Amino acid sequence: MDKSVQHKIYKYLREELDTDRYIHSMGVAYTAASLAMTWDYPVENALIAGLLHDCAKNIPNDKKILLCDKNHIPITPMERKNPFLIHGRLGAYITEDKFDIHEREILDSIIYHTTGRPEMTLLDKIIYISDYIEPNRHKAANLAIYRKLAFQDLDETLYRIMQDVLVYLQQGGGEIDDMTQQAYTYYDQQRRLQNG
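Residues numbered from 1 in each chain as written. Predicted model: local features only at pLDDT ≥ 70, side-chain atom pairs only at ≥ 80, totals over all residues. Heavy atoms only, no water.

Should their charged atoms come close, side chains of opposite charge can pair. Summed over all chains, the structure comprises 12 salt bridges. Close ionic contact of aspartate 69 with arginine 80 constitutes a salt bridge, the shortest N to O distance being 3.0 Å. Taken together, the residues aspartate 69 in helix H4 (residues 61-70) and arginine 80 in helix H5 (residues 77-81) connect sequence positions 11 residues apart. Judged by its relative accessible area of 39%, arginine 80 is partly exposed. (Salt bridge = Lys/Arg side-chain N within 4 Å of Asp/Glu carboxyl O. Helix = DSSP H or I, 4+ residues; strand = E, 2+ residues; numbered from the N terminus. Buried < 20%, exposed > 50% of the residue type's maximum accessible area, 1.4 Å probe, protein only.)

Under the 1.5 Å per step criterion, the end-to-end length of helix H10 (residues 154-172) is 27 Å for 19 residues, consistent within 8% with the ideal 27 Å. Every buried residue of H10 is accounted for by Leu154, Glu156, Thr157, Leu158, Tyr159, Ile161, Met162, Asp164 and Leu166. Backbone nitrogen of aspartate 155 and a side-chain oxygen of the N-cap are separated by 3.3 Å at the start of H10; the cap is aspartate 153. (Expected span 1.5 Å × (residues − 1). Polar contact = N/O pair within 3.5 Å; in protein donor to acceptor, adjacent residues only side chain to side chain.)

Ranked by size, the top nonpolar core spans 57 residues in total, and within it Leu13, Leu51, Leu52 and Ile129 carry the most contacts. With sequence-adjacent residues up to four places away left out, leucine 51 is seen in contact with Met1, Ile9, Tyr10, Leu13, Ser25, Met26 and Ala29. (Core = buried A, V, L, I, M, F, W, Y, C linked by side-chain atoms within 4.5 Å. Contact = heavy atoms within 4.5 Å.)

The subject of this paragraph is unusual backbone geometry. Positive phi, normally seen in glycine, also occurs at aspartate 40, with a value near 60°. Within the secondary structure, aspartate 40 is located in the loop between helix H2 (19-38) and helix H3 (43-52). Positive phi is not limited to glycine here, since histidine 72 has a value of about 55°. Tracing the sequence through the fold places histidine 72 in the loop between H4 and H5.

Below, the discussion takes up the packing of aromatic side chains. Enumeration according to the criterion identifies four aromatic pairs in this entry. An angle of 85° between the planes, with centres 5.5 Å apart, marks the rings of tyrosine 12 and phenylalanine 99 as edge-to-face. One end of the pair, tyrosine 12, is in helix H1 (residues 3-16); the other, phenylalanine 99, is in helix H6 (residues 87-99), with 87 residues separating them in the sequence. The exposure class of tyrosine 12 is buried, given its relative accessible area of 10%. Residue classification places phenylalanine 99 among the buried positions, given a relative accessible area of 6%. An angle of 55° between the planes, with centres 6.1 Å apart, marks the rings of tyrosine 132 and tyrosine 146 as tilted. Of the two residues, tyrosine 132 is situated in helix H8 (residues 122-133) and tyrosine 146 in helix H9 (residues 143-149); the sequence distance between them amounts to 14 residues. Assessed through its relative accessible area of 15%, tyrosine 132 is described here as buried. The class for tyrosine 146 is buried, based on a relative accessible area of 3%. (Phe/Tyr/Trp six-rings, centres within 6.5 Å; stacked < 30°, edge-to-face > 60°.)

By volume, the largest pocket is sized at about 1100 Å³. Lining the largest pocket are 35 residues, and of these Thr114, Asp131, Tyr132, Arg137 and Tyr168 sit closest to its centre. Taken together, the elements giving at least two residues each to the lining of the largest pocket come down to H2, H8 and H10. A total of five residues in the lining of the largest pocket trace back to one element, the largest contributor, which is H10. Tallied by class, the residues present in the lining of the largest pocket amount to 13 nonpolar, 10 polar and 12 charged. (1 Å grid on protein atoms, 1.4 Å probe; cavity = no way out; pocket = protein on both sides within 12 Å on 5 of 7 lines; lining within 4 Å. Points joined across faces, edges and corners; volume = space filled by probe spheres on them. Nonpolar A, V, L, I, M, F, W, Y, C, P; charged D, E, K, R; others polar.)

Between the first and last C-alpha of H6 there are 17 Å, a value that for 13 residues agrees with the 18 Å anticipated at 1.5 Å per step. Three or more residues of H6 are buried, namely His87, Gly88, Leu90, Gly91, Ala92, Ile94, Thr95 and Phe99. Where H6 is buried, its residues contact H1, H3, H4 and helix H7 (104-111). Residue aspartate 100 follows H6 closely and has a positive phi angle near 55°.

Put plainly, a disulfide is one covalent bond tying together the sulfur atoms of two cysteines. Summed over all chains, the structure comprises zero disulfides. With no disulfide of its own, cysteine 55 lies 12 Å from the sulfur of cysteine 68, the closest cysteine sulfur. When its relative accessible area of 0% is taken as the criterion, cysteine 68 is described as buried. (Disulfide = S-S within 2.5 Å.)

This is how it looks when you write it as structure tokens:
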């Protein structure tokens, strides 16, 4: 990563994120870089995506919707109703607009880091998992297991995290985003095919 872009990213994150979100973003970036090294993926791309995955998180929800409308960023009715889900899409826009980063794989991993999607790329998986297991997380289910498993079997880790997230959402009475359900269904089917 060009040093001037790196400096610009860190400066933006320090100014735009609250302390906890900044620390979380650093944790995701370091975890993503470690997973990238393990799974033979370009470390720089994982680091950039990890740093910027939540770059729009602290924007107030009403402003998230306004910014999406203003910049013609499509959002689903579910996202409009639950604007906290928009930060991935808006984060990808900021990544392109402010930092001139246009690699589709990086942008998609930022868009889908919360919901997942069917047929995730290796970077999608790395960022989704890193967001869940980074060292500053303490409340999520089965963290110790997943922190070890992610370096042994990425797909199994992905599946199990998705399963835990769905159970958590169902028990909490929250709405489940269509993409989250589609992603889980896809990986559940893949797992059944593999296990025959």
